[in-house]
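Letter by letter, the chains look like this.
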Amino acid sequence: MKQVFKRPDALKDNIFHYCPGCGHSVIHRLVAEVIDELGIRGKTVGVPPAGCAVLAYNYLDVDMGEAPHGRAVAVATGIKRCRPDLVVFTYQGDGDIAAIGTAETVHAANRGERLTVIFVNNGCYGMTGGQMAPTTLLGQITTTTPGGRIQLRDGFPVDLSQMLAVAGGSVYIERTAVTSPKNIIKTKKAIKKAFKAQMDNLGFSMVEILSACPTNWKLSPVDSCKRIEEEVVKHYPLMVIKDTTGTHSGADEGAYRRNMDKR
Ligand SMILES: Cc1ncc(C[n+]2csc(CCOP(=O)(O)OP(=O)(O)O)c2C)c(N)n1
Ligand code: SF4
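Residues numbered from 1 in each chain as written. Chains lettered and ligands numbered in written order. Predicted model: local features only at pLDDT ≥ 70, side-chain atom pairs only at ≥ 80, totals over all residues. Heavy atoms only, no water.

Caption draft 1: Focus on the packing of aromatic side chains. Across all of its chains, the model carries four aromatic pairs by this definition. Measuring from centroid to centroid gives 5.9 Å for F16 and Y18, while their planes differ by 40°, and the two rings are tilted. Classification of Y18 by relative accessible area gives buried; the value is 9%. On the basis of an interplanar angle of 65° and a centroid distance of 5.6 Å, the ring pair of F89 and F195 is categorised as edge-to-face. Residue F89 is found in strand β3 (residues 87-93), and its partner F195 is found in helix α7 (residues 181-199); the two are separated by 106 residues along the sequence. Here F89 and F195 have matching classes, each one buried. One aromatic cluster in this structure is built from F16, Y18 and Y59. (Phe/Tyr/Trp six-rings, centres within 6.5 Å; stacked < 30°, edge-to-face > 60°. Buried < 20%, exposed > 50% of the residue type's maximum accessible area, 1.4 Å probe, protein only. Helix = DSSP H or I, 4+ residues; strand = E, 2+ residues; numbered from the N terminus.)

Put into structure tokens, the structure is as follows:
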């Protein structure tokens, strides 16, 4: 009989430590499926965050290089520049990338580093107990905003994808969610497209994935998905935010080398 469903080769046979209903497990699987389908397992390096996905190396069966909180894109830049033949991705939560990691991420996008960011937006600091993150919505209750996030004290939610879309070196940024089979399929397509943009040498690519943190939201997994679809998408609409992959001519490696040779 033809096998129609199996564990991806790029996913180790370990039991996820994530809470029930957490999006990280689904997103790990999607990344693994894409790596298998692109046939890049032997030449892919991932950089996990500080956050609940810090143990991603226990699950993804590719080389992984750990980075301190917020530094994943900087570490990935170093790896990619040393070994441009590798496919390099970071896997980061919103606290990791949109708070402490903002600066290096903005500059890496602006430089057009040829790497891929998987940005898991669950609107809070999951691992450390559900504190407010830059992405936390106005009014959202977290452990550090027990009365709800208010603009006067806490500022507005940060839309990192829109910020990075302005950068000259970003070529593909899409926001998706893992709340339903339809959205999960779209997320996988987006991850594949982001990896391909890197493999075509085009520039910085990122997929922002709206994901549930049922434990810290204090909602059931089903109600967490409902919250994303009914509330979160109003502020963070699911859409392709930037796509210049069709018109981009790719990085001019030759010009770079000629310029270096002149010195
Ligand atoms: C420099 C530094 N500061 C703070 C921490 C503590 N810390 C670990 S994980 C984390 C928050 C992670 O939240 P997020 O990136 O949103 O990921 P999630 O756990 O929600 O997936 C923090 C503050 C740390 N590890 N290193
Ligand atoms: S705390 Fe939240 S983000 Fe972390 S594993 Fe649990 S549900 Fe997932």
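Picking up after the structure, the text goes on.
Caption draft 2: Representation of the side chain of S25. Its location among the elements puts S25 in helix α1 (residues 23-38). Under the relative-accessibility criterion, S25 is labelled buried at 17%. When near neighbours in sequence (up to four residues on either side) are disregarded, S25 contacts F16 and Y18. (Contact = heavy atoms within 4.5 Å.)

Caption draft 3: Fine view of the sheet that holds strand β4 (residues 116-121). With respect to topology, seven strands assemble into an open sheet ordered β2-β1-β3-β4-β8-β7-β9, the strand pairing being mixed. Across the chains shown, the open sheet's two edge strands, defined by having one partner strand only, are β2 (63-64) and β9 (239-243). Across five bridges, the pairing between β3 and β4 is parallel. Bridged to Q92 within β4 is F119. On the sheet, α1 packs against β1 (44-47), β3, β4 and β8 (204-210) and is oriented at approximately 175° with respect to β3. Against the sheet, helix α2 (residues 72-82) makes contact with β1, β3 and β4, and its axis sits at roughly 175° relative to β3, the strand it touches most. (Pairing = 2+ DSSP bridges. Axes fitted to C-alpha atoms, helices over the stretch in contact; angles between N-to-C directions.)

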